[in-house]
Amino acid sequence: ANEYHRVVSFEHLNTVLTTLLFSFTHLSRIPLPLTLEEFERGQLFTMTSISKEERSNIVILENTTFSNEKGEGTFSHKTLKLHRNFPDWVTRLLPASALEIEEKSWNMFPYTKTIYFIKTRWKSVYFKITVTTIHQNDAGTSENIHNLNTRDLDRRVVEFIDIANDSPSQWADMKEIPATFSFKRENEAENRGPLRSDWIETTKPMMCAYKLVELDFRLPGNFMEAKATQFAREVIRGTFLRTHAQTYCWMNQWYDLSLEDIKKSDDALCQSISKTQDGKKSKERGRKKLFSGLRSKL
């Protein structure tokens, strides 16, 4: 009877947990003193540079081109091993498999869409972030650039991310920071910075990344909702702030590079990571074959 009660209780608990699905919609508006053409080059350079640093934590499953009614773009499918980026309460709560994030990304600049997804054998653990980005030549003044319906507009939380006047702790290891960085060229029209406190109202050129974040998650017990939501918002905001600040502050490194040059560098990195993965798989197959042969002789 006790065994039956335990099984029924577990099944009931699992059923309850699977119904506790939470979600929020968040819009980040990130103005930058760049043209759209400049930002496309700078962003790809930044993402490629970051991937070089994190290559040991990236598994590339697919990297290809695609086309649809909107045009042509690139699609990538990766697994990101981010164990060290989670706080202690997350690593204690979730299994190791849940600390690897599956990333699918479609890039048709100025439109991009990225989905981050965690799925485990536990029905009570589910985590999905969808980031839909539209880049436009303005200072963040477009009210409903994603064409949301009334319900989604009402539940949407909007915030501006100011790369010059926000001062997060991650600035500590950056050689240049947006508030003091300046970019100088013989042609004064190309000069940027340093950014004053009112730079968003006074600087030209100006573009904005409108990032619509839709987070859906399920964790063991609704008592985790506030903690998970806060953690997700902090990570998302910090990532957006840092990567866009780096794009601006690394102008000296990418400004004279063409988009094709940067794409070639990114493709070469993907091929290098894939070759490393293939080598590891080959060694693992050889190890298994050796052990299998040894066992057959015993």
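Described in the following lines is the structure provided in the data block. The structure displayed is predicted, hence computed values, not measured ones.

What counts, and where the lines are drawn
- Residues numbered from 1 in each chain as written.
- Predicted model: local features only at pLDDT ≥ 70, side-chain atom pairs only at ≥ 80, totals over all residues.
- Heavy atoms only, no water.
- Core = buried A, V, L, I, M, F, W, Y, C linked by side-chain atoms within 4.5 Å.
- Buried < 20%, exposed > 50% of the residue type's maximum accessible area, 1.4 Å probe, protein only.
- Helix = DSSP H or I, 4+ residues; strand = E, 2+ residues; numbered from the N terminus.
- Contact = heavy atoms within 4.5 Å.
- Salt bridge = Lys/Arg side-chain N within 4 Å of Asp/Glu carboxyl O.

What about the nonpolar core?
Turning to step 1, where the next piece is worked out: Among the nonpolar cores identified, the biggest contains 47 residues, and I163 and M251 are the most heavily contacted of them.
Turning to step 2, where the next piece is worked out: Per element, the largest residue contribution to this core is seven residues, and it comes from helix α6 (residues 225–249).
Turning to step 3, where the next piece is worked out: Setting aside residues up to four positions removed in sequence, M251 forms contacts with L34, F181, F183 and R192.
Turning to step 4, where the next piece is worked out: Among the nonpolar cores identified, the runner-up in size contains six residues, and L27, I145, Y210 and L212 belong to it.

Some details on the pattern of salt bridges
Turning to step 1, where the next piece is worked out: What the rule picks out here adds up to 10 salt bridges.
Turning to step 2, where the next piece is worked out: A salt bridge links R41 to E37; its shortest N-O distance comes to 2.6 Å. Separated by four residues within a single helix, R41 and E37 lie in helix α2 (residues 36–53), roughly one turn from each other.
Turning to step 3, where the next piece is worked out: Several salt bridges converge on common partners, so that one network encompasses R29, E143 and R156.

A closer look at the environment of D198
Turning to step 1, where the next piece is worked out: Residue placement: D198 occurs in the loop between β7 (156–160) and α5 (199–202).
Turning to step 2, where the next piece is worked out: Sequence separation between D198 and A164 is 34 residues; the distance between their C-alpha atoms is 9.5 Å.

Concerning the environment of T243
Turning to step 1, where the next piece is worked out: You can see T243 is positioned in helix α6.
Turning to step 2, where the next piece is worked out: Residues within four places of T243 in sequence aside, it is in contact with T46, M47 and I50.

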